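# Observations on the model geometry
Chain by chain, the residues run as shown.
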Amino acid sequence: MSATVAVTESKGAPFALREVELPDLAPDEVRVRVAASGICHTDLICRDQWYPVPLPQVLGHEGAGTVEAVGPAVTKVAPGDRVGMTFDSCGRCATCQQGRPAYCHAFFEHNFASKRFFGQSSFATHSVARERNVVRLDACIPLEVAAPFGCGIQTGAGAVLNSLRVPAGSSLAVFGSGTVGLSAVLAGVVAGCTTIVAVDVLPRRLATARELGATHAVDAHETDAVEEVRRLTGGGADFSLETTGNARVLRQCVDCLAPTGTAGVIGAPAFGTEVSLDVNTILTGGRAVRGIVEGDSVPDVFLPRLVKLWEQGRFPVDRLMTFYDFDDIEQAARDAEAGQTIKAVLRMA
């Protein structure tokens, strides 16, 4: 069957709509009629070759839709099921076997170097995924709202709830108030943080962070972010998150920590980016720095939990979303890059 897809032909090229023929399904594959797909920062940096994915490519990795067909080995979903698509993993390596698929030994091969981006290539009217990277969705949530849960939302929320396991009563500083950062702010509220500091350079996004539960907002253009976080947290944050992909901000993320605090690194810079840290800041304070991929999510478990929080009104991530028709994908990408929207979501139908 045919599908309309948005192709990235070369480095930095605009998204171009094309008609393609979908292949027959392998035994473990699922064909999804895509209803919506979020545009993620990772899609754009792969288009621009910060990550060296093969081009031409159909990007998109926050898709949601309805199952149309399944391969003969698929048992988890059936035609007619509503599903979200998420990252892919091998399911066989040591970390996958330990229930940590975000750190799959073959993560890059399955998500960046394969013929289907993140095992889905969801900038398309129809997508082929694997049984392993689709998640059944409850009927309570619209597909266009559910789509971005597959990457950016689960990454930010999972960083707080899964990776750092932030306890009630602790302090959290979130550097960057995009989809990932604001999802982390919302998760900090769910976790019971008593101090949540949002740091950004866009006043409108800082205002949104306050509306969603941040107790303080710091404009890094107007003040020294490290000193202000230390002041607001009474000596340093227990936890911090770097969501911007900026090495200078990562240094701030570490320097604002209290002794024994932990900085989580989420933002993705270009390959080869290095950061300078003061060794004694880490050593003598017992501070830690750890990388976080996909919020340490086990999607079949974690995404339904986030959907339940959304249904209860405790995780209102739909407030971050702006919706675009599929053929307006280039405008949506420009708006996302310019900070005009927080989470751009494409509607395919």
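Let me begin by describing the structure that accompanies this report. Quick caveat: nothing in here was measured; it's all calculated off a predicted structure.

Scanning the protein from terminus to terminus reveals 12 helices and 16 strands. Here the C-alpha atoms of the protein give a radius of gyration of 20 Å, agreeing with the 20 Å that 2.2 N^0.38 yields for 349 residues. The principal-axis extent of the C-alpha atoms belonging to the protein is close to 60 × 40 × 40 Å. A total of 349 residues make up the protein; the buried ones form 58% of that total. With the model as given, the accessible surface of the protein reaches about 13,900 Å², and the carbon-plus-sulfur share is 50%. Taking the average location of the 31 positive side-chain charges in the protein and that of its 39 negative ones, the two points are 4 Å from each other.

With that out of the way, let us pick up the environment of alanine 288. Structurally, alanine 288 is set in strand S14 (residues 288-291). Owing to a relative accessible area of 31%, alanine 288 belongs among the partly exposed residues under this scheme. Between the C-alpha atom of alanine 288 and that of valine 254, which follows or precedes it by 34 residues, the distance is 8.3 Å. Residues within four places of alanine 288 in sequence aside, it is in contact with Leu257, Gly261, Thr262 and Ala263.

Any two aromatic rings considered together are summarised by their centre-to-centre distance and by the angle between their planes. In the structure shown here, the tally under the stated rule is 12 aromatic pairs. On the numbers, 5.1 Å between centres and 75° between planes, the contact of phenylalanine 112 with phenylalanine 118 is edge-to-face. Residue phenylalanine 112 shares its accessibility class with phenylalanine 118, and that shared class is buried. Here the aromatic residues Tyr51, Phe87, Phe107, Phe108, Phe112, Phe117, Phe118 and Phe271 are joined through ring pairs into a cluster of three or more.

The next subject is the layout of surface pockets. Taken as a whole, the second largest pocket encloses approximately 280 Å³ of empty space. Lining of the second largest pocket is provided by 17 residues; of these, Val20, Val58, Lys115, Arg116 and Ser121 occupy positions nearest its centre. Put simply, the parts of the chain that give the lining of the second largest pocket at least two residues each are strand S1 (2-8), strand S2 (15-21), strand S4 (57-58) and strand S7 (126-130). The element best represented in the lining of the second largest pocket is S7, accounting for 3 residues.

Take empty space enclosed by the protein next. Scanning the entire structure with this criterion turns up 1 cavity of 30 Å³ or more. Approximately 50 Å³ is the volume found for the largest cavity. Around the largest cavity, the lining residues are Gly63, Gly84, Met85, Val135, Leu137, Ala146, Ala147, Phe149, Gly150 and Leu303. Its residues assigned to classes, the lining of the largest cavity shows 7 nonpolar, 3 polar and no charged.

For helix H9 (residues 247-255), every residue scored as buried is listed here: Val249, Leu250, Gln252, Cys253, Val254 and Asp255. Tucked inside the fold, the buried residues of H9 contact strand S9 (171-175), helix H8 (225-232), strand S12 (237-242), strand S13 (257-265), helix H10 (279-285) and S14. Sitting at the amino-terminal end of H9 is asparagine 246, which places a side-chain oxygen 2.8 Å from the backbone nitrogen of arginine 248.

Using the criterion set out here, one finds 0 disulfides in the structure. Looking at cysteine 90, it has no disulfide partner, and the nearest cysteine sulfur is the one in cysteine 104, 3.6 Å off. With a relative accessible area of 5%, cysteine 104 lands in the buried category.

This next bit is on unusual backbone geometry. With an omega of 0°, the peptide bond running from leucine 55 to proline 56 counts as cis. Secondary-structure assignment places proline 56 in the loop between helix H1 (41-47) and S4. Even without being glycine, serine 121 reaches a positive phi, approximately 45°. Within the secondary structure, serine 121 is located in the loop between helix H3 (107-111) and S7. Although it is not a glycine, aspartate 296 adopts a positive phi angle of roughly 50°.

What counts as what
Position numbers for residues start from 1 in each chain and track the written sequence from start to end. Totals for whole chains, interfaces and linings use all residues, but because this is a predicted model, local features are given only for residues with pLDDT of at least 70 and pairs of side-chain atoms are given and counted only at 80 or more. By convention in this description, side-chain values take in all heavy atoms of the structure and omit both hydrogens and water. Every helix listed is a DSSP run of H or I at least four residues long, and every strand listed is a run of E at least two residues long, numbered separately from the N terminus. Note on method: radius of gyration uses C-alpha positions; expected globular size equals 2.2 Å times residues raised to 0.38. Burial classification: accessible surface area is computed with a 1.4 Å probe over protein chains only, and a residue below 20% of its type maximum counts as buried, one above 50% as exposed, and the rest as partly exposed. Under the convention used here, a 1.4 Å probe and the Shrake-Rupley method define accessible areas, while residue burial counts only the protein chains that appear. Only four residue types enter the tally: Lys and Arg on the positive side, Asp and Glu on the negative side; His and the chain ends are excluded. Taken as the charge centre is NZ of Lys, CZ of Arg, CG of Asp or CD of Glu, depending on the residue. Contacts are residue-level and defined by heavy atoms, with any inter-residue pair within 4.5 Å sufficient. Stacked, edge-to-face and tilted labels apply to pairs of Phe, Tyr and Trp rings (six-membered ring for Trp) whose centres lie within 6.5 Å, assigned for plane angles under 30 degrees, over 60, and everything in between, in that order. Cavity and pocket criteria rest on a 1 Å grid covering protein atoms alone: a 1.4 Å probe that fits but cannot get out defines a cavity, protein on both sides within 12 Å along at least 5 of 7 lines defines an open pocket, and an atom within 4 Å of a point defines a lining residue. Grid points are joined across faces, edges and corners, and a volume is the space filled by probe spheres set on the points. Here the term charged refers only to Asp, Glu, Lys and Arg, the term nonpolar to Ala, Val, Leu, Ile, Met, Phe, Trp, Tyr, Cys and Pro, and the term polar to all other amino acids, Gly among them. Pairing of N or O atoms within 3.5 Å defines a polar contact, subject to two protein rules: one partner must be a possible hydrogen donor and the other a possible acceptor, and residues neighboring in sequence count only if both atoms are side-chain atoms. Counting rule for disulfides: a pair of cysteine sulfur atoms within 2.5 Å.

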